[in-house]
Amino acid sequence: MKLTRIYTRTGDTGMTSLVGGQRTRKDSLRLEAYGTLDELSSHLGLLAASLGKNDGTAETEQAIERIQCNIFNICTFLATDTKETPIYP
């Protein structure tokens, strides 16, 4: 197996890019918040997958899906510096 190396060519100076290219520190509250929300969404996905399809949990699965969609939307705002990059045109 051949491994391809991936380089960003910007180095790791403790910074990362937001949507739109703005740079922010990797230890910022913004990144912590959307990382935590992403983990929550993953756990909710595992919960939904473990419920099964025929045990009367359709409403619960739909509720989990709605929550995951809301989390995704919140993460969009957290990952975007809306002062520089508007989400809505």
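Now for a quick tour of the structure.

Rules used in this analysis
Each chain has its residues counted from 1, running along the sequence as written. Totals for whole chains, interfaces and linings use all residues, but because this is a predicted model, local features are given only for residues with pLDDT of at least 70 and pairs of side-chain atoms are given and counted only at 80 or more. For the side-chain quantities, the full set of heavy atoms in the structure was used; hydrogens and water were omitted. Starting at the N terminus, helices and strands are each numbered in turn, a helix being any DSSP run of H or I of at least four residues and a strand any DSSP run of E of at least two. Burial classes: relative accessible area under 20% of the type maximum marks a residue as buried, over 50% as exposed, and values in between as partly exposed (1.4 Å probe, protein chains only). In this description, contact between two residues means that some pair of their heavy atoms is separated by no more than 4.5 Å. For accessible areas, the Shrake-Rupley method is used with a probe of radius 1.4 Å. Any residue's cover is judged against the shown protein chains and nothing else. Here a polar contact means two N or O atoms within 3.5 Å. Within protein one must be a hydrogen donor candidate and the other an acceptor candidate, and residues neighboring in sequence count only if both atoms are side-chain atoms.

## With respect to the overall build of the protein chain
- Looking only at helices and strands, one finds two helices and two strands in the protein chain.
- Out of the 89 residues in the protein chain, the part that is buried amounts to 20%.
- Nonlocal contacts in the protein chain, meaning residues at least 24 apart in sequence, comprise 45% of its contacts between residues at least 6 apart.
- Accessible area for the protein chain stands at about 7,400 Å²; split by element, carbon and sulfur atoms hold 57% of it.

## What to know about the environment of Leu 51
- With respect to the helices and strands, Leu 51 occurs in helix 1 (residues 29–51).
- Leu 51 sits in the buried class, given a relative accessible area of 18%.
- Spatially, the C-alpha atom of Leu 51 lies 7.9 Å from that of Glu 61, the residues being ten residues apart in sequence.
- Every residue in contact with Leu 51, bar those within four places of it in the chain, is listed here: Thr 57, Thr 60, Glu 61 and Ile 64.

## Some remarks on the environment of Ser 17
- Here Ser 17 shows up in strand 1 (residues 15–17).
- Residues Ser 17 and Asp 81 lie 64 residues apart in sequence; the distance between their C-alpha atoms is 10.0 Å.
- Every residue in contact with Ser 17, bar those within four places of it in the chain, is listed here: Gln 22 and Arg 23.
- Only 2.9 Å separates the side chain of Ser 17 from the side chain of Arg 23, close enough to count as a polar contact.

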